[in-house]
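Coordinate inspection notes
For reference, the chains in residue letters:
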Amino acid sequence: MSKVNGNELLIFLHIPKTGGTTLTKVIEQQYQNNFHYEKGDLSKLKMDLDRAETILGHLPFGAHRYVSKKCTYITMLREPVEHVTSWFYYRYKSPYLDPYDGSFEDYLNDDIFNLTYSNLQTRFICGDDPPSFEKAKMILTTYFSVVGITELFAESLFFMKKKFHWQEVFVEKSNVNRNRPLREHLPKSTIEIICKKNEIDLKVYNFAKNKLLKKIAGLDDQTKRELNQFKRNFASI
């Protein structure tokens, strides 16, 4: 089992529909004391949190305030059109959850979306504060060891493995929604609505993606070979 650097507590800020269920299973392979947050007041869970090696779950930024030891965060971000589409067809068109009586475009223009899901990725990052690009950029730069990108999942996982000295990583893709339209099949008007209503998420995503791409480009030759081998292994899954 791995140990977080310097006995830091690893907090995985799991934004829904970003590949986080798959990453959670990877983290569970690496650590013994994983605290799975579901709901409740974190301030009342301090004893459990102090014993944990990781905190996993759909919790916004800010959990470090309730822990005595040093913390570091990781997360995954997803391209907003893919993110919102995946969420709608998972949450509202699933036979196992409460259906939404309307089309995708109806949902995008509904107060349900405006109040709860627009710029959701930035909302998670900003925690109790309103979604803000500058605030999110500061938080990601200051508190996060690795900010992964769903569309670059193997590369993101590679950097996490390196950063936290993880042992062999076994990946089982989980919670993949195949009952959704591809982006190229979405009407242009739908894409435009998503981009307009997730303008901050798009800026945050591009900021994080560009940083990751620069990090990849700056690798030495040996590490690039390691990354390419890791990607080949990942692609074979």
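Look up: the structure comes first, before these words.
I will try to describe carefully the structure that is included in this document. (Residues numbered from 1 in each chain as written. Predicted model: local features only at pLDDT ≥ 70, side-chain atom pairs only at ≥ 80, totals over all residues. Heavy atoms only, no water.)

In terms of regular secondary structure, the chain is built from 11 helices and five strands. The C-alpha atoms of the chain give a radius of gyration of 18 Å, which matches the 18 Å a tight globule of 237 residues would have. C-alpha extents for the chain along the principal axes are approximately 50 × 45 × 35 Å. At a minimum sequence separation of 6, the contacts of the chain that also span at least 24 residues come to 71%. Of the accessible surface of the chain, which amounts to about 12400 Å², a share of 50% is contributed by carbon and sulfur atoms. Charge separation in the chain, taken as the distance between the mean sites of 35 positive and 29 negative side-chain charges, equals 5 Å. (Helix = DSSP H or I, 4+ residues; strand = E, 2+ residues; numbered from the N terminus. Rg over C-alpha atoms; globule rule 2.2 N^0.38 Å. Contact = heavy atoms within 4.5 Å. Areas by Shrake-Rupley, 256 points an atom, 1.4 Å probe, with all protein chains shown as cover. Lys, Arg positive; Asp, Glu negative; His and termini not counted. Charge placed at Lys NZ, Arg CZ, Asp CG, Glu CD.)

Evaluation of the coordinates by the stated rule reveals 24 aromatic pairs. Between Phe-61 and Tyr-73, the ring centres sit 5.0 Å apart and the planes meet at 40°, which makes this aromatic pair tilted. Within this pair, whereas Phe-61 is found in the loop between strand S3 (54–57) and strand S4 (71–77), its partner Tyr-73 is found in strand S4, the two being separated by 12 residues in sequence. Taking 5.7 Å as the distance between ring centres and 70° as the angle between the ring planes, the aromatic pair formed by Tyr-89 and Phe-104 counts as edge-to-face. Taken together, the residues span a long stretch of sequence, with Tyr-89 in helix H3 (residues 80–91) and Phe-104 in helix H4 (residues 104–108) at a distance of 15 residues. Each member of the pair, Tyr-89 as well as Phe-104, is classed as buried. (Phe/Tyr/Trp six-rings, centres within 6.5 Å; stacked < 30°, edge-to-face > 60°. Buried < 20%, exposed > 50% of the residue type's maximum accessible area, 1.4 Å probe, protein only.)

Before going further, it helps to spend a moment on the packing of H3 against helix H9 (residues 188–197). Running from N to C, H3 and H9 point in directions that differ by 105°, and their axes come no closer than 9 Å. With respect to each other, H3 and H9 are oriented roughly perpendicular. Within the contact between the two elements, H3 uses Pro-80, Val-81, Val-84 and Thr-85 and H9 uses Ile-191, Ile-194 and Cys-195. Each residue belonging to the contact of H3 with H9 can be placed in one class, and the counts come to six nonpolar, one polar and no charged. (Axes fitted to C-alpha atoms, helices over the stretch in contact; angles between N-to-C directions. Parallel < 35°, antiparallel > 145°, perpendicular 65-115°, else oblique. Nonpolar A, V, L, I, M, F, W, Y, C, P; charged D, E, K, R; others polar.)

For the rest of this paragraph, the subject is H3. Helix length check: H3 (12 residues) gives 16 Å between terminal C-alpha atoms against 16 Å at 1.5 Å per residue, within 8%. Within H3, burial applies to Pro-80, Val-81, Glu-82, His-83, Val-84, Thr-85, Ser-86, Trp-87, Phe-88 and Tyr-89. Its buried side turned inward, H3 meets H4, helix H5 (111–116), helix H6 (120–126), H9 and helix H10 (199–217). Residue Glu-79 occupies the N-cap position of H3, its side-chain oxygen lying 3.1 Å from the main-chain nitrogen of Val-81. (Expected span 1.5 Å × (residues − 1). Polar contact = N/O pair within 3.5 Å; in protein donor to acceptor, adjacent residues only side chain to side chain.)

Viewed as axis vectors pointing N to C, helix H8 (residues 153–164) and helix H11 (residues 221–235) meet at an angle of 125°, and their least axial separation amounts to 9 Å. The orientation of H8 relative to H11 falls into the category oblique. The two elements H8 and H11 meet at a crossing, and its hand is right-handed. Packed against H8, whose contacting residues are Phe-153, Ala-154, Glu-155, Leu-157, Phe-158, Lys-161 and Lys-162, the element H11 presents Thr-223, Glu-226, Leu-227, Phe-230, Lys-231 and Phe-234 at the interface. Classifying every residue of the contact of H8 with H11 by side-chain character gives seven nonpolar, one polar and five charged. (Left-handed = near helix turned anticlockwise from the far one by under 90°.)

Taken together, the five strands give an open sheet; going across it, the order is S2-S3-S1-S4-S5, and neighbouring strands pair in parallel fashion. Bordering the open sheet on either side are strand S2 (34–36) and strand S5 (144–149), each of which pairs with just one other strand. Averaged over all adjacent pairs, the angle separating strand axes in this sheet is 20°, with direction ignored. Relative to the sheet, H8 contacts strand S1 (9–13), S4 and S5, its axis offset from that of S5 by approximately 160°. (Pairing = 2+ DSSP bridges.)

Any functional reading would require information beyond the geometric quantities listed.
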